[in-house]
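Spelled out, the chains give:
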Amino acid sequence: MTAARLASISVDLDSLPHYCRIHGLPESLLDERARTLIHRVAVQRFLELFAAVGVPGTFFVIGEDLESDPGAADGMRRSHAAGVEIASHSHAHDYALTRRGPDAIADDLARADAAILKAVGVRPSGFRAPGYTLNADLYAATVAQGYRYGSSAFPAAPYYAAKAAVMGALAALGRPSRSVLDTPRVLLAPRVPYRPDPAQPYRRGSGAVLELPMTVTPVVRFPFIGTFATTLPQGTMRAAYRTCRADAFFNFELHGVDVLDATDGIPPELARQQRDLRVSAAKKMERLRSIFQWLKDDFDVVTLRDAAGQLSATL
């Protein structure tokens, strides 16, 4: 009997202050409502999408958001009750986490786990690194925390090149990004699930924590992610999807802003920098509903935790 092909849909719940940091903008631009838009508005919209299509999802939540915003903790409790997996996106979403040393990294992950456990009553099974940046120290910390899987590898050449260009342009303008450019070795990481080499986690090895890379197309490694899914022509995304449809595992990664637009109360300065915010939320949700349905038609859609459970026996 042929094993079922699996797909997962995950959402990084990065709050808007992190987008200000990426674009070199002052966080003072954000009022209290803007700071909480991801958890108070985007989470509910994603829950509606999951329910409408009849698929599960995984939310990657930042621990300090759960501690500072009661609404975020309440939203994660409701999401957990609805069958959404709640996974860790670190405690502080420090883009330079891999540079902090083993003790600081371990402390960050432990604090995130504690915040998630307090909010939903269950420790997370998985982890996604801030900015998708992984190294040996961070991988070792995920092993020590007992995670079942990580989902940080993003071997997307076009994304890497665009990120480098934007960071260079912002530096030239005198408002450097707080983001961090990963090692080019990430571009050679496997595009399919694998067990990492603990010393070089973008290479295959025998590490205890399974890595579930975010989906990129074969050869050119074009990223199939929410930002492009909601802004590029649907025909382009359909063509990219077809090149990955035969994969044993499809990992569709999104962000909370993928269901927001400028009318949701986002400062104009940030909306100008974040081009996807110029697309209406209604259009974005319509597009995502279509893609979720593609996945449901072609794959067995499961949470990342369940995908790791099924894939780990063969890797």
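An account of the accompanying structure is given in this report. What you see is a predicted model, and the numbers here were worked out from it, not measured in a lab.

With respect to the pairing of strand β3 (residues 85-88)
Two faces belong to every sheet, and in a regular strand the side chains alternate between them.
Stage number 1. Alternating residues of β3 divide into Glu85 and Ala87 and Ile86 and Ser88, and every residue in both groups is buried.
Stage number 2. With four bridges joining them, strand β2 (residues 58-61) and β3 adopt parallel strand pairing. Bridge pairing in β3 links threonine 58 to glutamate 85.

Comments concerning the environment of threonine 217
Stage number 1. Relative to the helices and strands, threonine 217 resides in the loop between β8 (210-211) and α9 (226-229).
Stage number 2. Separated by 16 residues in the primary sequence, threonine 217 and proline 233 place their C-alpha atoms 17 Å from one another.
Stage number 3. When sequence neighbours within four positions are dropped, the list of residues in contact with threonine 217 reads Arg191, Phe222, Ala240, Thr243 and Cys244.
Stage number 4. Of the polar contacts made by the side chain of threonine 217, one reaches the backbone nitrogen of phenylalanine 222; its length is 2.9 Å.

Describing the packing of aromatic side chains
Stage number 1. A complete count under the given rule lists 15 aromatic pairs for this structure.
Stage number 2. For the ring pair phenylalanine 46 and phenylalanine 50, a centre distance of 6.2 Å and an interplane angle of 35° mean the geometry is tilted. Taken as a pair, phenylalanine 46 and phenylalanine 50 lie in helix α3 (residues 37-53) at a separation of four residues, close to a single helical turn.
Stage number 3. Taking relative accessible area as the criterion, phenylalanine 46 reaches 0% and is therefore assigned buried.
Stage number 4. Residue class for phenylalanine 50 comes out buried when judged on its relative accessible area of 4%.
Stage number 5. Residues tyrosine 241 and tryptophan 294 carry aromatic rings whose centres are separated by 5.2 Å and whose planes lie at 45° to one another, so their mutual orientation is tilted. One end of the pair, tyrosine 241, is in helix α10 (residues 234-244); the other, tryptophan 294, is in helix α12 (residues 281-298), and 53 residues separate them in sequence.
Stage number 6. One aromatic cluster is present, built from ring pairs that chain together Phe46, Phe50, Phe59, Phe224, Tyr241, Phe250, Phe252, Phe292, Trp294 and Phe299.
Stage number 7. If you follow arginine 5 out to its NZ or CZ, it ends over the ring of phenylalanine 299, 4.6 Å from the centre.

Description of the packing of α3 against α12
Stage number 1. It is at 10 Å that the axes of α3 and α12 come closest, and there the two elements cross at 40°. With respect to α12, the element α3 is oriented oblique. Here α3 and α12 pass one another in a crossing that is right-handed. In contact with Arg45, Phe46, Glu48, Leu49, Phe50, Ala52 and Val53 of α3, α12 contributes Ala281, Met285, Leu288, Arg289, Phe292, Gln293 and Lys296.
Stage number 2. The residue makeup of the contact of α3 with α12, split by class, is nine nonpolar, one polar and four charged.

Observations regarding the pattern of salt bridges
Stage number 1. Applying the stated criterion to the full structure yields 12 salt bridges.
Stage number 2. The partner of arginine 123 in a salt bridge is aspartate 113, and the shortest N-O contact between them spans 2.6 Å. Taken together, the residues arginine 123 in the loop between α6 (102-120) and β4 (126-127) and aspartate 113 in helix α6 connect sequence positions 10 residues apart.
Stage number 3. Taking the relative accessible area as the measure of exposure, arginine 123 reaches 37% and is therefore partly exposed.
Stage number 4. Of the charged contacts in the structure, one is a salt bridge between aspartate 298 and arginine 245, with a shortest N-O distance of 4.0 Å. Here aspartate 298 is found in helix α12, whereas its partner arginine 245 is found in the loop between α10 and β9 (249-255), with 53 residues between them in sequence.
Stage number 5. Looking at aspartate 298, the relative accessible area reads 24%, which means it is partly exposed.
Stage number 6. Owing to a relative accessible area of 30%, arginine 245 belongs among the partly exposed residues under this scheme.
Stage number 7. Salt bridges sharing common partners tie together Arg21, Glu27 and Arg35.

Thresholds applied
Residues numbered from 1 in each chain as written. Predicted model: local features only at pLDDT ≥ 70, side-chain atom pairs only at ≥ 80, totals over all residues. Heavy atoms only, no water. Buried < 20%, exposed > 50% of the residue type's maximum accessible area, 1.4 Å probe, protein only. Helix = DSSP H or I, 4+ residues; strand = E, 2+ residues; numbered from the N terminus. Pairing = 2+ DSSP bridges. Contact = heavy atoms within 4.5 Å. Polar contact = N/O pair within 3.5 Å; in protein donor to acceptor, adjacent residues only side chain to side chain. Phe/Tyr/Trp six-rings, centres within 6.5 Å; stacked < 30°, edge-to-face > 60°. Lys NZ or Arg CZ within 6 Å of the ring centre and 35° of its normal. Axes fitted to C-alpha atoms, helices over the stretch in contact; angles between N-to-C directions. Parallel < 35°, antiparallel > 145°, perpendicular 65-115°, else oblique. Left-handed = near helix turned anticlockwise from the far one by under 90°. Nonpolar A, V, L, I, M, F, W, Y, C, P; charged D, E, K, R; others polar. Salt bridge = Lys/Arg side-chain N within 4 Å of Asp/Glu carboxyl O.

Geometric values such as these leave the question of function open.
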